[in-house]
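Understanding the architecture of this molecule
Read off the chains here:
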Amino acid sequence: MSNCEKNMKYRLRQAVSDYATPILVWARTNSFYFQNTLFYLIERLYAITLSFCVYLALARGYGPEMLGQYSYVQTVMLFAAPFLASGSEGIIVRDVVRQPAATSEILGSALVVLSVTGLVTAILPLVYVWFSRGNSEGFMSMALLTALGFVPMGFLVIEHYLKAHQDAAMILLARAGSSTLGAVAKFFFIYHHYPIQYVIGATAVETFLLVAILFWAAGGRVPLPQWRFSRPIAWAIFEQSFPGMIAAVAVTLFFRANHLLLAHFSDFESVGQYALAFQGIQMFLVVPAVAFGAIYPRLVQLHAIDRPKYDRIMRFLYLGFTATGYLLTVLCWLTSGWIFHMFFGERYEVARQVFNVLAVANIFNFSWQVRSRAIDLTNQTRFHAWVGLIGLAVVTASSLFAIPRFGPVGAAWCVTLATAVAGVVTTAFLPGLRSDAIAQAKAFLLIPPRK
């Protein structure tokens, strides 16, 4: 081998080393976050797989019309869900990270706030079902069984504690264990043709089981008897969470209002077609849920101590999630035909068309998820409510025109339009988030951010 060849090989090895070494150092430094991300990913994928299989069994076992009735009730009752533990997750995780000495007071105060608001808000959808469908067979019993699953939701703040301490393994254990047992019960009831109310009852019991396993997983680190109620902390949690909860209701409405509008302007078979596609597209929201479950506590810390690094990471997050949305949309378009034909048959062809349209909405939704974390970290949670209401106004106005003319497919396009307006366009008008608006715009053009 000549000296020239040796020199070229040496330079090549040196170049590879110079490029790879920083990557390996970064990977070793952040291995903990990769591990937690993997745990969250496994949990969400497992839960989504089980949910998809259960929904597949429901669709095939009960047909589009019964599936539509089931989805209608679930939609109405889900308007109470944002006032439960999930509606304040970002606030509670943030406060536990920032004030570890006050953990018992934060958890105890959050439990009281969420239990009271959850109880009050669960009554309203029950009243709506009673007056709108109370005389119809099965609707009220389905609603009551769904509400039963809300009873222990306030205790899910123990999961927020585990997330704040990045104990993803225990969360995986609790959620996988409870969802597995719940799925077994649901498959049993569906296979033996029990009324659909049995399936809903199994879902309610699953929530009780999840809470029990989470407390066991916490290992007595914050025993329930030590939780304390603090009025100032409770008010602070309510004050900062409530705008996000209202926003979540608005978001729930503009994602699910078309279930109700389709029932009004069409029939429950159309609701079933739309609901099946909507359920399928929700699987992709595992991506932001998993990522932020792992890195959100770290973002809280960086926002407080290293703003330039925080800003740089957020720009990369906007780009990464938007690019992922593009990729998943193309994947949906290429595979939806044979997937729906294989699993659901020809009678769900309309659902396939709706699925392809809603895939576009996920591009905007992914970017919206990043912006939501920016809003939480800047303590401007009132913006959640405003953008949610704007999105609701867009989807309602457009749906009143589109649904009578184009049915479920028109409903899907209305949701896509509302997601783009509420999740992206409004950012330019939110004070303190102008840099996020620029980052979102560049991300949609796939322009890499400056280092």
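Our subject in this report is the structure included herewith. Here the structure is a predicted model, which means the values were calculated and not measured.

**What to know about a nonpolar patch on the surface**
- Among the surface-exposed residues, Leu119, Ile123, Val127, Trp130 and Phe131 lie close enough to one another that they form a single nonpolar patch of about 580 Å² accessible area.
- Assignment of secondary structure puts valine 127 in helix H4 (residues 103–133).

**Comments concerning helix H15 (residues 434–444)**
- The complete set of buried residues in H15 reads Asp436, Ala437, Ala439, Gln440, Ala443 and Phe444. One face of H15 carries all of its buried residues, which in axial projection span an arc of 165°. In H15, those exposed residues whose orientation departs by more than 90 degrees from the buried face are Ser435 and Ile438.
- The first or second residue beyond H15 is leucine 446, which carries a positive phi of 60°.

**A few points about the packing of helix H7 (residues 168–191) against helix H8 (residues 196–218)**
- Between H7 and H8, the shortest axis-to-axis distance is 8 Å and the interhelical angle comes to 160°. It follows that H7 is roughly antiparallel to H8 by the angle criterion. Remark: the crossing between H7 and H8 carries right-handed chirality.

**What to know about the layout of surface pockets**
- Estimates place the volume of the second largest pocket at around 240 Å³.
- For the second largest pocket, the lining is made up of 17 residues, of which Phe52, Met283, Ile339, Phe340 and Phe355 are closest to its centre.
- Of all the elements in the fold, those that place two or more residues in the lining of the second largest pocket are helix H2 (31–77), helix H10 (268–282) and helix H12 (307–343).
- With seven residues, the top contributor of residues to the lining of the second largest pocket is H12.
- When grouped by side-chain class, the residues that make up the lining of the second largest pocket number 13 nonpolar, four polar and no charged.

**Concerning the nonpolar core**
- Counting residues in hydrophobic clusters, the biggest one holds 122 residues, and the most contacted among them are Leu58, Leu67, Tyr72, Tyr274, Leu276 and Leu358.
- Those residues in contact with leucine 67, other than ones at most four positions away along the chain, are Tyr55, Leu58, Ala59, Gly272, Leu276 and Tyr348.

**Quick word on the environment of glycine 63**
- Looking at where glycine 63 falls in the secondary structure, it is placed in helix H2.
- Separated by 285 residues in the primary sequence, glycine 63 and tyrosine 348 place their C-alpha atoms 9.7 Å from one another.
- When neighbours within four sequence positions are excluded, glycine 63 is seen to be in contact with Leu58, Arg347 and Tyr348.

**A few points about the pattern of salt bridges**
- Tallying each qualifying case throughout the model produces six salt bridges.
- The salt bridge involving glutamate 159 is made with arginine 175; its shortest N-O contact spans 2.7 Å. Pair noted here: glutamate 159 is in helix H6 (residues 157–164) and arginine 175 is in helix H7, with a separation of 16 residues, a long-range link.
- Put simply, aspartate 376 and arginine 373 hold a salt bridge, and the shortest N to O gap is 3.1 Å.

The rules behind these values
- Residues numbered from 1 in each chain as written.
- Predicted model: local features only at pLDDT ≥ 70, side-chain atom pairs only at ≥ 80, totals over all residues.
- Heavy atoms only, no water.
- Patch = residues over 30% accessible without salt bridge, like charges linked within 9 Å, V, L, I, M, F, W, Y side chains within 5 Å.
- Areas by Shrake-Rupley, 256 points an atom, 1.4 Å probe, with all protein chains shown as cover.
- Salt bridge = Lys/Arg side-chain N within 4 Å of Asp/Glu carboxyl O.
- Helix = DSSP H or I, 4+ residues; strand = E, 2+ residues; numbered from the N terminus.
- Buried < 20%, exposed > 50% of the residue type's maximum accessible area, 1.4 Å probe, protein only.
- Arc of directions from axis to C-beta.
- Axes fitted to C-alpha atoms, helices over the stretch in contact; angles between N-to-C directions.
- Parallel < 35°, antiparallel > 145°, perpendicular 65-115°, else oblique.
- Left-handed = near helix turned anticlockwise from the far one by under 90°.
- 1 Å grid on protein atoms, 1.4 Å probe; cavity = no way out; pocket = protein on both sides within 12 Å on 5 of 7 lines; lining within 4 Å.
- Points joined across faces, edges and corners; volume = space filled by probe spheres on them.
- Nonpolar A, V, L, I, M, F, W, Y, C, P; charged D, E, K, R; others polar.
- Core = buried A, V, L, I, M, F, W, Y, C linked by side-chain atoms within 4.5 Å.
- Contact = heavy atoms within 4.5 Å.

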